Amino acid sequence: MLLFSAITFEEVKSFLNEYQIPRLALRILIALAILIIGCLIVKRIVKNIENGKIFKRVNKTLRLFLRHLIAVALYAVIAVSIVSVLGFNMSALSAVIASCGLTVGLALQGGLSNIAGGIMLVIFKPFEIGDYVESSGVSGTVVDIGLFYSTLTTPDNKKVVVPNGVISNNVITNYSTHDTRRIDFDFNIAYSANIDTARKVLFACAKADERILFDPQPEVMISSHNDSSITIKLRVWVKTAEYWDVYFSMYEQVKRSFDEYGIEIPYPHLNIKIDK
């Protein structure tokens, strides 16, 4: 029985030595250690980027982009280190990747264009974190500019993720760049209404709203003659943050004032004249 045990142990030892299993197990343990410690270090570095005194001096948009870029680069270093520790032939691996270069390049074409687009957004700064923008058929407040994608939040609190390459190659409208914006209101009044009275009413409504700026002054003008109405335009300037509040409240106030002064807001109608 002892002899059988001794023989069995020798066989197992020979098998392990032949296939270098102890060395492989050690490599796996080292690879796991690199993975765990490396991920902890990456998280620490990313946290320092977000909260560090040095990085806080950097623009928030650039700081978030650097966070994504550095994290991807460090994780790539960890992956290469693990592959090297496990004993893979790096030169052979490089040759395989090189031989598949065309396929890999086509597969990563979209990703590379998104990275390039993200770099363009950070360098030229068409918008920053917190700006309200419109591009590629979507609009919302910018909450993040990542390495591949930018994230917007719509006014009704929906999350929209747009590839950086798409944004950088399309027209971008930034509504937050300037402190003030102009609102153009179009009101239709009947042909029988007194234009001077309507003009005075609109000026009074603008003056009554403290959110409306008077530098530049509000403007009232006739913009068109329609089939059944005259369009009278009111232009006012407001602070960008108060744009929508003024926009909605002004329509309500003008309707109340028109009713008070007997100014008709006509609906489309057709007069038919019958000749005998």
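Just above sits the structure.
First, a word on what this report is: a plain description of the structure on this page. Fair warning: this is a prediction, and the values are worked out from it, not measured in the lab.

1. Description of helix H10 (residues 243-260)
No. 1: For H10, spanning 18 residues, the distance from its first C-alpha to its last is 26 Å, which sits close to the expected 26 Å at 1.5 Å a residue.
No. 2: Listing the buried residues of H10 in full gives Tyr-243, Val-246, Met-250, Val-254, Ser-257 and Phe-258.
No. 3: Close packing links the buried residues of H10 with strand S6 (180-189), helix H9 (195-208), strand S7 (212-213) and strand S9 (230-239).
No. 4: Looking one or two places after H10, you find Gly-262, whose phi comes out positive at around 70°.

2. Focus: the nonpolar core
No. 1: Ranked by internal contacts, the top residues of the largest apolar core, which has 23 residues, are Phe-187, Ile-189, Leu-202, Leu-234 and Phe-258.
No. 2: Listed by contribution, the elements that provide at least two residues to this core are S6, H9, S9 and H10.

3. Let's talk about the sheet that holds strand S3 (residues 149-153)
Two modes of strand pairing occur in sheets, parallel and antiparallel, and in both the strands are linked by backbone hydrogen bonds.
No. 1: Across the sheet, which stays open at both edges, the five strands sit in the order S4-S3-S2-S1-S5 with antiparallel pairing between neighbours. What marks the edges here is a single partner per strand, and that holds for strand S4 (159-163) and strand S5 (172-174). Adjacent strand axes in the sheet meet at a mean angle of 40°, parallel and antiparallel pairs treated alike.
No. 2: Pairing of strand S1 (residues 132-135) with strand S2 (residues 138-145) involves four bridges; the strand directions are antiparallel. Each residue of the ladder has a partner; that of Ser-135, found in S2, is Val-138.

4. A word on the environment of Ile-129
No. 1: Note that Ile-129 resides in the loop between helix H7 (109-124) and S1.
No. 2: Judged by relative accessible area, which is 17%, Ile-129 ranks as buried.
No. 3: On a C-alpha basis, the gap between Ile-129 and Thr-151 in space is 9.7 Å, while along the polypeptide they are 22 residues apart.

5. Some details on the pattern of salt bridges
No. 1: Considering all chains together, one arrives at eight salt bridges under this definition.
No. 2: Each of Arg-182, Asp-184 and Arg-235 takes part in one network of salt bridges that share partners.

6. With respect to the packing of aromatic side chains
No. 1: This structure, assessed with the given rule, holds 12 aromatic pairs.
No. 2: Both rings, one in Phe-187 and one in Phe-258, keep their centres 6.2 Å apart while their planes meet at 75°; by these two values the pair is edge-to-face. With Phe-187 in strand S6 and Phe-258 in helix H10, this pair connects stretches of sequence that are 71 residues apart.
No. 3: The exposure class of Phe-258 is buried, given its relative accessible area of 0%.

7. Section: unusual backbone geometry
No. 1: Residues Asp-215 and Pro-216 are joined by a peptide bond in cis, for which omega reads 10°.
No. 2: Position of Pro-216 relative to the elements: it lies in the loop between S7 and strand S8 (219-225).
No. 3: The residue Lys-125 is not glycine, and still its phi comes out positive at about 50°.
No. 4: According to the relative accessible area criterion, Lys-125 is partly exposed, its value standing at 44%.
No. 5: Even without being a glycine, Ser-136 presents a positive backbone phi close to 55°.
No. 6: Mapped onto the elements, Ser-136 comes out in the loop between S1 and S2.

Rules used in this analysis
- Residues numbered from 1 in each chain as written.
- Predicted model: local features only at pLDDT ≥ 70, side-chain atom pairs only at ≥ 80, totals over all residues.
- Heavy atoms only, no water.
- Helix = DSSP H or I, 4+ residues; strand = E, 2+ residues; numbered from the N terminus.
- Expected span 1.5 Å × (residues − 1).
- Buried < 20%, exposed > 50% of the residue type's maximum accessible area, 1.4 Å probe, protein only.
- Contact = heavy atoms within 4.5 Å.
- Core = buried A, V, L, I, M, F, W, Y, C linked by side-chain atoms within 4.5 Å.
- Pairing = 2+ DSSP bridges.
- Axes fitted to C-alpha atoms, helices over the stretch in contact; angles between N-to-C directions.
- Salt bridge = Lys/Arg side-chain N within 4 Å of Asp/Glu carboxyl O.
- Phe/Tyr/Trp six-rings, centres within 6.5 Å; stacked < 30°, edge-to-face > 60°.

So far we have only geometry, and geometry alone does not tell us how the molecule works.
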